[in-house]
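# Descriptive structure summary
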Amino acid sequence: MATTQMQAQGPMGTLMLTSLGGFVVTLGVALAMLMSGGHASFNTSSDGVNWGLPVVAYVFLSMTSTGLALVAALATTFGQKEYYAITKRCTWLSIATLVGGFTSLALEMGHPFRMLWAIPMNMQIVSPLFWMGVFYLIALVLLVLKFQKMNAGDWDSPGSRMIGNLSVVAEILALGMLGAAFGMMAMRPAWYGSTVPLSFLLGGVTAGAAFAVLATHLAHGTDQDGMPEKVRSLLQGGLAKLFTGATALYLAYIGFHTLSGLWTNADGLQVMDRIVATPWFWVGIIGLVVALFIMLSPAQRSNGAMQSVASLLVLVAVFAGRYDYIIGGQLVPMFKGTWVQGLVDYAPSLTEWMVTGVGIFLTLALFALGERALNLGASPKK
Amino acid sequence: MKILDAKISRRRFLQATGATGAAGAAGIGAGKLAGFNALSEAKAAAPASAGNTVVTKSICAQCPARCGIDVYTTDGRVHAIYGNDGHPIANGKLCPKGHLGTYILYDPDRFKGPMKRTNSAKGRDQDPKFVPISWDEAFKTVADRLNALRDKGESHRFALLFGRGWGASDVGVNIVPFGGLYGSPNVPIGHSSMCSDGSVLAKQCTDGNASYSSYDYRNANYLLIFGANFLESFRPYNNNLQVWGHIRGEKSPKTRVTYVDVHMNQTAAASDRALLLKPGTDGALALAIAHVMLTEGLWDRNFVGDFKDGVNQFKSGQSLDPASFNEKWVKGLIEWWNIELKDRTPKWAAGVTTLNERDILATAREFGTTRPAIALFERGAHTHSNGVLNGMAIHSLNALVGSLFAEGGLAYQMGPAYGAPPAKDGDYQDDYAKNGPWKSQPRIDLKGHPDGYLMAKNMMQEIAKNHLAGKPYKLDTVMFYMTNPVFSSPGAKDWEEFLKQVFVIDTSPFPGETAVMADLVLPDNTYLERWQDAPTYPFQGWPLAQIRVPAIKPLYDTKTFADVLIGIGGRIKGPTGEYYKKLESAENIVRHLAKGFEANPGDNGVKDFDSWVKAGVWYKKPYHWRQVRGEFFEWDGKGWNKKMTEAEVKDKLLKTPSGKFEFKSGYLEKNADWVASKTGRDKAKLVFPYWEEPKYTGGGDLHFVTPKTSMHAEGRSANIPNAIPLQHPTAGGRKQALAEIHPSVAKAKGIRDGDRIRIKSALGEIYAVARVTELTRPDTVVLPFEFGHWAWGRWAKDRGSHVDAVIANQSDRISGMASYYTGKVSVEKA
Amino acid sequence: MTKWAMVIDLDKCTGCQACSTACQMENNRLPGENYQDVLYYTEGTFPNTQLKWFPRPCMQCEEPSCMHVCPTKATFKSEDGVVLIDWNKCIGCKYCMIACPYGVRFYTDEKALIEPNIKQVFKGSGDLSWNPPYKGPQQDATRGVGIQPNGVVSKCTFCYHKISMAPKGVADLDESIPELKEFVPACVRTCAPKARYFGDLDNPNSYVNKLIQDKSGVRLLDHTGNKPQVYYLSGGGAGGSTVPSGRQTVNKA
């Protein structure tokens, strides 16, 4: 089975330069800070926010990874053949976001290398983090295998299909577990809930679709008329619908989540008042509304530039949403009495921003590298 | 710390490294090892896993309570301190300060050995440029100065100021004889007027005992506490906490407690009733309680006496015939009623104190009907211009309920059965000591002088002022032991000027404000490194004495203050030198004191030096006297069986001119002319506990109260990083103490919680961080003292607010007690 | 089996913080990071201000959520019922800190509350993140005892280096018994008002069991299901009014 060669026409060169440059700079600064001050250069603390911005970055990137894997699976698993146009790219991006996410997590952890042997050696099967790790590892391996198959032109042999199917299952389970890692925390009511994994999946699909839209435009340029037909029709058809629908659902979720937080008097939810008073929150909400407006307006949704803007807005919104959720769940002090007055004050430190930057720039750099070396625009010939 | 950057000799360096472990070798070549830094920061050797742990008996030094402690040392490292479970005050327990000892011992800012100043310019910002000297040179320098003064007939111009004075010998050597032998009225001058002399004088004026009381809390059913923060700072703190657990959680019936203070604190919160009154008005509340007890007939007739016809004739506002009442162990009740008490109704007191009349009445009725009851008070009530009057009024309540010397009441402390010291100072006085010109000189603080404070015990806070004015004269050389008035005295700024003009010898092991101004630093050992004895602070009456055994050899080239004084004394010309040579050392003194136990073995079997060292404490129960239903009895070896005559009671217990508890104070009567002339008080009234408005200083619109909190380890906490976050827990002061400000004040001044604020008085201004809280009164700012040092170590320096910089140097004319809590300030957003 | 438990009588607690300072001395804690805290709360308006406090060690839960979330089993429950951390297995993910309902866990590498940072004054090396001259002799990384290495989480161990040496079968570790005092956790040993008791929940003769019965001991946030082994007493009186420990009556099988 042959593959279609397709030259990228988007600003991939610029992306390559900026992402590699950004990666090197953020990694350099982050490592320098961590070498000299350790995690004391984070603004996290035992008294307040234990998991800071790098964990938000990890969660955001992992969610996006699952979302991308699901977008890829629309063709490989669910038979929506038009998605083949972006399947290879999305599979690669799913790998890239996962690697980026894990990198920022590793820089956040005390002993990331110890994790490599300590988790498998001890088999703590009641920890959601254990299963999250297991499923993400499986997902990563399967995604790489699947990508390899696609790269070799094997798009839907039974073996390839099986690998693809399993990788999607692993991704869903992994992100579900990540959601459960928060949702199971009954001691943190702002996080608690059995449907949290579902909301993570919804956020994942939204971010995944958004990233797919953005990446496709980055790869092919914003002029949709110059795109290959299959790609253009996907961007104006199925993917646009998926993206719009997911964004609408996600906005509804954020709205109801916020509303119930504001309405309830339950301990821990008082943090919602603080959250809605931050600009971040409104950046997210307005971004979602504007993106929806763009995508629902027939004149604009077929405009590549506008689609790109919408997807970027949605990505920022999902990131902000994860920030509000993860940080917000930690702002009510855990039995600190007068030591912590009111809610915890937290703003990420420079090092935390750098670690976040490492994850995001690494993802983008891998994307750019993949685009250059791995022919991500390929699709089955038939 | 740049200003005290002194070099260190190689010998001292090696000694220090031997003590703290293997020091980094980099320091040696650098040649810039300072007295303050580098050494103890050197990496300490990892402890051996299975070391030999030695437990040494010692005495805590973080408050005057003198708890016996067990000091745990493993492989030369002191790593834990717990209460000595054989010690009657500690009972194996400690207060929060007790555990801080290791941080004090290993304070990286400690002085490492004696040093002299080489920069003749003095001041806050002047680097003294200390250089290390030998102890021999140090002693010689001081002795030469003192000998020269004596030769000129000016020995009175040497003063030795001490802080935590625990009686005659508890600095390791009795420092009193030095003054008499050398010839200076200013050796020593204690800090008691900046501590708690208000209560001492209040008691002297009423029951004739110039002392703090011992208390039998465990048997009391009611405690009425005025400004003595029982659960945060009142001593013996550790034992108070134990008492609290007993009387509130174990004892049947549970003891009821009413607590009086100016802001909500732990004691107020834990009590049954908190009365948060206007600062300085405690006396008004006590007078109203007395008024109710009399009008409602709640006084103890066995102790106080009764109307001749047995019918209560006390009616508000109505005078009585003194002859109508038979007084038993009290004097002047009806006169007091007529001149003062009859008008002191709860309604009146409510107006003065801002309390609710209902609560005053309820308190009086409870206190008057629940026996045994104790009314106790300390600094909160008496650090005001009217302090002794407040104290007398409160202490009078004890007479009204008959709790003096009673079970469940209060009494006074007996001394230990010590042996004779190695030498008797009387045998070593030369002619100069007996008849030298110093004999006619007043004390520099004008204590006991009609121009100063005739009735006071000490007047340390007056020294700087008097010296600067040259009245009565100027000092030449001043030595400090465990006191740092340039930081802690009201009007502290005067002291900086004073210390510039005199030769200053500091003995603190820590780089305090005095050291910055010092010409000579002779660093003391910390308490875990020295020999010392200490008779008990007033506790439960029966005698008790504890011993401090070094848990570890001095880490550095420092010396126990007792040995410093002996070293200097031994170099004073004439018989004084002989006396100090005979004393030999602190350890020798302690050995001699222990000989007294041979004839009087303690209840715990301590009968000599060795058994004392092993147990850490000698004590002998019981307290020898007891008042039961208006009769006094003495211990006869088996019980309180020997009934005492009035003369015996006067001699041993109620040491007033009348031998009674005097509502009409004979002691004040004797000095009435002087008091009237100095205070403008009505001569007829001033002998009674009566209400006088406190004279608030500073000129602001808010009272400024600076309480001691539970973590105040005799001033040391400011440089203990582990103590700082716990210093002001009720308000959440994590990095420093916070200024408690009522929301109404905050609103009026536009101050938000956490804002930096300026606190201003007539003396100047300080900065603080505001805690907007309902803990404090709307008319009061509360800011615990401790911080605001401009020296004192890396963690203390420039942290928090120096409260004493804005508190005026005003004292109660009778007790000489500095009016620390009487200042007024204004606040604004900084 | 032994199941060590602590009982804290709130009627006796004076809020003095000696438990906290004893803890920091015994366990070489950093300033402001004691394994055991007393927490203060202010309510009401002047002059009816209420000041309250609450002494809070690690609850050493029967069902410790911190243990269940730990992906490496670094947090574990000892045979005698104490929640410990094996620093050699801890990966510093801090999930246990997230999952602890009581806020009693500490990560080694954080900004110093009090500057200058004491860790820089008394520098450590190797497995000791700092090394003060007053460090205690105990050091057992596999149980989270001693001074922390970098990058791990630590917590109250009930002074495991002390209680684990206690004679077997003792019902209560009572500091007033001279033979037992060295085995008593620092906070219990020093508590001056004797508001703290330490004993074996599995021993029917223990005083802690009697106190829990007589004074209706309750557990903090019992609804989380963590089942603390620290019980609080307040209000006194058998069967008197008290805070129910949960909304459901649970019968032990």
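It should be noted that the structure appears before, not after, this text.
Residues numbered from 1 in each chain as written. Chains lettered and ligands numbered in written order. Predicted model: local features only at pLDDT ≥ 70, side-chain atom pairs only at ≥ 80, totals over all residues.

A word on the overall build of chain A. Helix and strand counts for chain A come out as 14 helices and 0 strands. Listing the helices and strands of chain A from first to last along the sequence gives α-α-α-α-α-α-α-α-α-α-α-α-α-α. Against the 2.2 N^0.38 benchmark of 21 Å for 382 residues, chain A shows a C-alpha radius of gyration of 20 Å, consistent with a compact globule. Dimensions of chain A along its principal axes, counting C-alpha atoms only, are 70 × 50 × 40 Å. Buried positions account for 57% of the 382 residues belonging to chain A. Partitioning the contacts of chain A with sequence separation of at least 6, the portion at a separation of at least 24 is 81%. (Helix = DSSP H or I, 4+ residues; strand = E, 2+ residues; numbered from the N terminus. Rg over C-alpha atoms; globule rule 2.2 N^0.38 Å. Buried ≥ 20, exposed ≤ 12 C-beta atoms within 10 Å, placed from the backbone. Contact = placed C-beta atoms within 7 Å.)

Below, the discussion takes up the sheet that holds strand E8 (residues 222-226) of chain B. Residue and element names in this part refer to chain B. Pairing is parallel across the open sheet formed by 4 strands, whose spatial order is E10-E9-E8-E14. Each edge of the open sheet carries a strand with a single partner, namely strand E10 (273-276) and strand E14 (373-377). Ignoring strand direction, the axes of neighbouring strands in this sheet form an average angle of 10°. Note that E8 and E14 share 5 bridges and pair parallel. What sits directly across from isoleucine 225, in E14, is leucine 376. In the packing of helix H15 (residues 387-400) onto the sheet, contacts are made with E8 and E14, and the angle to E14 comes to roughly 165°. (Pairing = 2+ DSSP bridges. Axes fitted to C-alpha atoms, helices over the stretch in contact; angles between N-to-C directions.)

As a further point, take the pairing of strand E22 (residues 625-628) of chain B. Inspection of the sheet shows E22 of chain B paired to strand E23 (residues 631-635) of chain B by 4 bridges, in the antiparallel sense. For valine 628 of chain B, the partnering residue across the bridge sits in E23 of chain B and is glutamate 631 of chain B.

Glancing now at the packing of helix H9 (residues 282-295) of chain B against helix H12 (residues 346-353) of chain B. All names here are of chain B. Running from amino to carboxyl end, H9 crosses H12 at an angle of 170°, the nearest separation of the two axes being 9 Å. The orientation of H9 with respect to H12, classified from their angle, is roughly antiparallel. Along its contact with H9, which presents Ala284, Leu285, Leu287, Ala288 and Val292, the element H12 presents Pro346, Trp348, Ala349, Val352 and Thr353. Split by residue class, the contact of H9 with H12 holds 9 nonpolar, 1 polar and no charged. (Parallel < 35°, antiparallel > 145°, perpendicular 65-115°, else oblique. Nonpolar A, V, L, I, M, F, W, Y, C, P; charged D, E, K, R; others polar.)

Let us now look at the interface of chain C and chain B. Of the residues lining the interface, 52 residues belong to chain C; the matching set on chain B comes to 61 residues. When grouped by side-chain class, the residues that make up the side of chain C that touches chain B number 24 nonpolar, 17 polar and 11 charged.

Time to look at the sheet that holds strand E18 (residues 520-521) of chain B. Residue and element names in this part refer to chain B. If you walk across this open sheet you meet the 6 strands as E5-E4-E18-E17-E16-E6, and the pairing is mixed. With one partner strand each, in any of the chains shown, strand E5 (131-132) and strand E6 (158-162) form the two edges of the open sheet. Where strand E4 (residues 115-116) and E5 come together, 2 bridges link them in antiparallel fashion. Within the sheet, the bridge partner assigned to lysine 116 lies in E5 and is valine 131.

Residues and elements named next belong to chain B. Looking at the secondary structure, you find lysine 471 in the loop between helix H17 (463-469) and strand E16 (477-481). According to the C-beta neighbour criterion, lysine 471 is partly exposed, with 14 such atoms within 10 Å. Counting along the chain gives 368 residues from lysine 471 to tyrosine 103, while the straight-line C-alpha distance between them is 42 Å.

Here the focus is helix H1 (residues 18-27) of chain C. Counting buried positions along H1 of chain C gives 10 out of 10 residues, so the element sits mostly inside the fold. All of the buried residues along H1 of chain C are Ala18, Cys19, Ser20, Thr21, Ala22, Cys23, Gln24, Met25, Glu26 and Asn27 of chain C. Tucked inside the fold, the buried residues of H1 of chain C contact strand E3 (77-83) and helix H3 (101-105) of chain B together with strand E2 (37-43), strand E3 (50-56) and helix H6 (186-190) of chain C. After H1 of chain C finishes, the residue asparagine 28 of chain C shows a positive phi value of roughly 50°.

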